[in-house]
Amino acid sequence: MKIVVDPAVCTGHAQCASLAPDVYTVDDHGYNALRAFTVTSGLEEHARAGAISCPEGAITVLDD
Amino acid sequence: VVSRHEDVSAVLKDYKSFSSARNEVTGDRGSVSQPPMPFKALIPEELDPPEFTPYKRALTGMLSPARVSEELLPRLDHWIDYFIDQVIEKGECDLVYDLTSPVAGAIALEWLGMPRDDWQRISKAYHDIVGYPLEDERAQAALRDLGWIDERIAEEVAIRQREIADGRPRNDVISALLQEEIDGAPMAVDRVESMARILIAGGVDTSTSTVTSALVHLHHHRDHRAALIADPELWTTAADEFVRRYPAVLAHARTVVRDVEVGGCVMKPGERILASEASACWDEAEFPDADRVILDRVPNRHVGFGLGIHRCPGMHLARETIRHLTKRILERMPDYEVDEASLVRYAKQSTVSGWVTARATFTPGPRVLPQDQTR
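Keep in mind it's a predicted model, so treat the numbers as computed, not measured.

**Q** Give a detailed account of the overall build of chain A, specifying residues and quantitative values.
**A** Scanning chain A for helices and strands turns up two helices and three strands. Along its sequence from the N terminus, chain A presents helices and strands in the succession β-α-β-α-β. Taken over C-alpha atoms, the radius of gyration comes to 10 Å for chain A, in line with the 11 Å a tight globule of 64 residues would show. Dimensions of chain A, computed from C-alpha atoms along their principal axes, come out at roughly 30 × 20 × 15 Å. Looking at chain A as a whole, 44% of its 64 residues qualify as buried. Pairs at least 24 residues apart make up 63% of the contacts formed inside chain A by residues separated by at least 6 positions. By element, 54% of the accessible surface of chain A is carried by carbon and sulfur atoms, the whole surface being about 3,100 Å².

In structure tokens, the structure reads:
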């Protein structure tokens, strides 16, 4: 599973990192720190919960 | 009025069509309320990009999740215990005036750098101005105090300008704002004053409103109270659910600046619209069982903190305030009962909501901080 974050849409709610701190990290301003990454095996459900909770719709989940 | 979750989200994200700035339609009145109110400008809320961007950038840096947890959480926990100590032996208090309002005030005003002696008057003024109808004497007194607050901010800013000129800047937010660069030059003094004003206005009576609503909810819903006491992990999702169900801020206005269509409705430049975050938070199409509080609701794409570039910069502090303050009250006053006859709702208006006052009784308990500790 891959996660893609649109930095133009993220405004730093940090809901993703709040719900799935083991998957998402935020930068010094609270914005998603990574643009694209592969989810560590076993954390797929956390990653999905963080993605669907983004109020701005900035996170896309790409299933393998 | 824009009311559906989908449409409110579309409006708040589309800052190019929906302007937050003052213009020929709003005149010199506040542009993000409807009707425009005779308040001084709130920076950066009443700015559009590109002018908006560096001011907001300064705020998101100061109020990032990391800065909040490192610098503000210890102070938050301290002030929570300090104010609970003031009432814990009595077995009764006003949840608003004794706990939620002073805690939210202390954490914001200490961080900003306002002197301790001013805190209670400032918090009370921002509470009473939205709590009571404008013709009420308490609101009139609050309106006069808002003028006093502007003078106090100007005085404190002037003190810090001298300190910075003398090469001995203080470590507080007013000093940090004065040293912030905007487009290569130091931030203008009137902008610093305006930022201080919005940090107070946005910080003191918003968390107050949502925490009080959560406490009243947990008075009526003992099963939720028991669940949160038994499983504090629920606070990961519960704080946002209280913001969704009991949003402090009900709506924001915008001015249409280009032809745009939202939800099948065509809008023209110069028209004013009111986007209701509260209505969006209660939209059944987005939130199943929207009227019910579901403590572990996921996903919860609520717009209680706003959305898009103008989203609340203090949201990370607000979440922690809701979590820590409510949780600690449940720990130290687990059997509190709200006196339902004492409950008074905020005066009818289009912007802020909550409980003006909420008296409660509980089994008295011991203080936890040394008695002579005042800070």
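**Q** Summarise the sheet that holds strand E9 (residues 337-338) of chain B; cite the residues concerned and give the values.
**A** Residues and elements named next belong to chain B. Taking strand neighbours across the sheet as the criterion, the three strands line up as E2-E12-E9 in an open arrangement whose pairing is antiparallel. Across the chains shown, the open sheet's two edge strands, defined by having one partner strand only, are strand E2 (92-94) and E9. Pairing between E9 and strand E12 (residues 359-361): two bridges, direction antiparallel. Across the sheet, the residue bridging to Glu337 is Thr361, located in E12. This element, helix H4 (residues 95-112), spans E2, E9 and E12 of the sheet and lies at about 65° to E2.

**Q** An account of a nonpolar patch on the surface is needed here, citing residue identities and associated values.
**A** A contiguous nonpolar patch, built from Phe39, Leu134 and Leu143 of chain B and spanning about 250 Å² of accessible area, is present on the exposed surface. Residue Phe39 of chain B is classed as partly exposed on the basis of its relative accessible area, which comes to 40%.

**Q** Before we move on, could you go through the interface of chain B and chain A and cite the residues and values that matter?
**A** If you look at the interface, chain B gives 23 residues, while chain A gives 19 residues. Between chain B and chain A, roughly 1,600 Å² of surface is buried when both sides are summed, and carbon and sulfur atoms account for 52% of that area. Considering only the side of chain B, the residues that lose the most area to chain A are Arg57, Arg301 and Arg311 of chain B, jointly responsible for 25% of the buried surface there. Applying the counting rule to chain B against chain A returns zero salt bridges. When contributions to the side of chain B that touches chain A are tallied by element, the ones reaching two or more residues are helix H2 (52-62), helix H10 (235-245) and helix H12 (315-332) of chain B. A total of four residues in the side of chain B that touches chain A trace back to one element, the largest contributor, which is H12 of chain B. Classifying every residue of the side of chain B that touches chain A by side-chain character gives six nonpolar, ten polar and seven charged.

**Q** Give a detailed account of the packing of helix H8 (residues 189-220) of chain B against helix H9 (residues 222-230) of chain B, specifying residues and quantitative values.
**A** When two helices pack together, you describe them by how their axes are tilted relative to each other and by the distance separating the axes. Residue and element names in this part refer to chain B. Where H8 meets H9, the closest approach of the two axes is 5 Å, and the angle between their N-to-C directions is 110°. One element, H8, and the other, H9, form an angle in the roughly perpendicular class. Residues His217, Leu218, His219 and His220 of H8 pack against Arg222, His224, Arg225 and Leu228 of H9.

**Q** Help me get a handle on the environment of Arg75 of chain B, residues and values and all.
**A** All names here are of chain B. Relative to the elements of secondary structure, Arg75 occurs in helix H3 (residues 65-88). For Arg75, a relative accessible area of 27% translates into the label partly exposed. Along the backbone, Arg75 and Glu110 are 35 residues apart, and their C-alpha atoms lie at a distance of 8.9 Å.

**Q** Before we move on, could you go through the environment of Val356 of chain B and cite the residues and values that matter?
**A** Residues and elements named next belong to chain B. Note on placement: Val356 falls in strand E11 (residues 355-357). Judged by relative accessible area, Val356 falls into the buried class, the value being 0%. Sequence separation between Val356 and Thr236 is 120 residues, and the spatial gap between their C-alpha atoms is 27 Å. Once residues within four sequence positions are removed from consideration, Val356 is found in contact with Val96, Tyr97, His127, Gly131, Tyr132, Val344, Arg345 and Tyr346.

**Q** I'd like to hear about the sheet that holds strand E3 (residues 59-62) of chain A, residue by residue, with values.
**A** All names here are of chain A. Taken together, three strands build an open sheet; the order of strands is E2-E1-E3 and the sheet is antiparallel. Both outer strands of the open sheet, strand E2 (36-38) and E3, are each paired with one neighbouring strand and no more. The mean inter-strand angle of the sheet, taken between neighbouring strand axes irrespective of direction, is 20°. Both strand E1 (residues 2-5) and E2 contribute to a ladder of three bridges, which runs antiparallel. The residue bridging Ile3 from the neighbouring strand is Phe37, located in E2.

**Q** How would you sum up H12 of chain B? Please name residues and give values.
**A** Between its first and last C-alpha, H12 of chain B extends 25 Å over 18 residues, near the 26 Å set by a 1.5 Å rise per residue. Most of H12 of chain B is tucked away, with 14 of its 18 residues classed as buried.

**Q** Which residues make up the pattern of salt bridges, and what values do they have?
**A** All names here are of chain B. Taken as a whole and judged by the stated rule, the model has 36 salt bridges over all chains. Across the pair Arg22 and Glu46 runs a salt bridge whose closest N-O atoms are separated by 2.5 Å. With a gap of 24 residues between them, Arg22 in the loop between strand E1 (18-19) and H2 and Glu46 in the loop between E1 and H2 connect regions that are remote in the sequence. For Arg22, a relative accessible area of 26% puts it in the partly exposed group. Between Arg152 and Glu156 there is a salt bridge, with its nearest N and O atoms 2.6 Å apart. Placement of the pair is Arg152 and Glu156 together in helix H6 (residues 137-165), with a separation of four residues, close to one helical turn. Judged on exposure class, the residue Arg152 and its partner Glu156 are both buried. Through salt bridges with shared partners, one network takes in Asp81, Asp85, Lys327, Arg328, Glu331 and Arg332.

**Q** Tell me what's going on with the side chain of His219 of chain B, and back it up with residues and numbers.
**A** With respect to the secondary-structure elements, His219 of chain B resides in helix H8. In contact with His219 of chain B, other than residues within four places in its own chain, are Arg225, Tyr336, Glu337, Val338 and Glu340 of chain B.

Conventions adopted
Residues numbered from 1 in each chain as written. Chains lettered and ligands numbered in written order. Predicted model: local features only at pLDDT ≥ 70, side-chain atom pairs only at ≥ 80, totals over all residues. Heavy atoms only, no water. Helix = DSSP H or I, 4+ residues; strand = E, 2+ residues; numbered from the N terminus. Rg over C-alpha atoms; globule rule 2.2 N^0.38 Å. Buried < 20%, exposed > 50% of the residue type's maximum accessible area, 1.4 Å probe, protein only. Contact = heavy atoms within 4.5 Å. Areas by Shrake-Rupley, 256 points an atom, 1.4 Å probe, with all protein chains shown as cover. Pairing = 2+ DSSP bridges. Axes fitted to C-alpha atoms, helices over the stretch in contact; angles between N-to-C directions. Patch = residues over 30% accessible without salt bridge, like charges linked within 9 Å, V, L, I, M, F, W, Y side chains within 5 Å. Salt bridge = Lys/Arg side-chain N within 4 Å of Asp/Glu carboxyl O. Buried area = accessible area lost by both parts, 1.4 Å probe. Nonpolar A, V, L, I, M, F, W, Y, C, P; charged D, E, K, R; others polar. Parallel < 35°, antiparallel > 145°, perpendicular 65-115°, else oblique. Expected span 1.5 Å × (residues − 1).

Coordinates in, geometry out; function isn't part of it.
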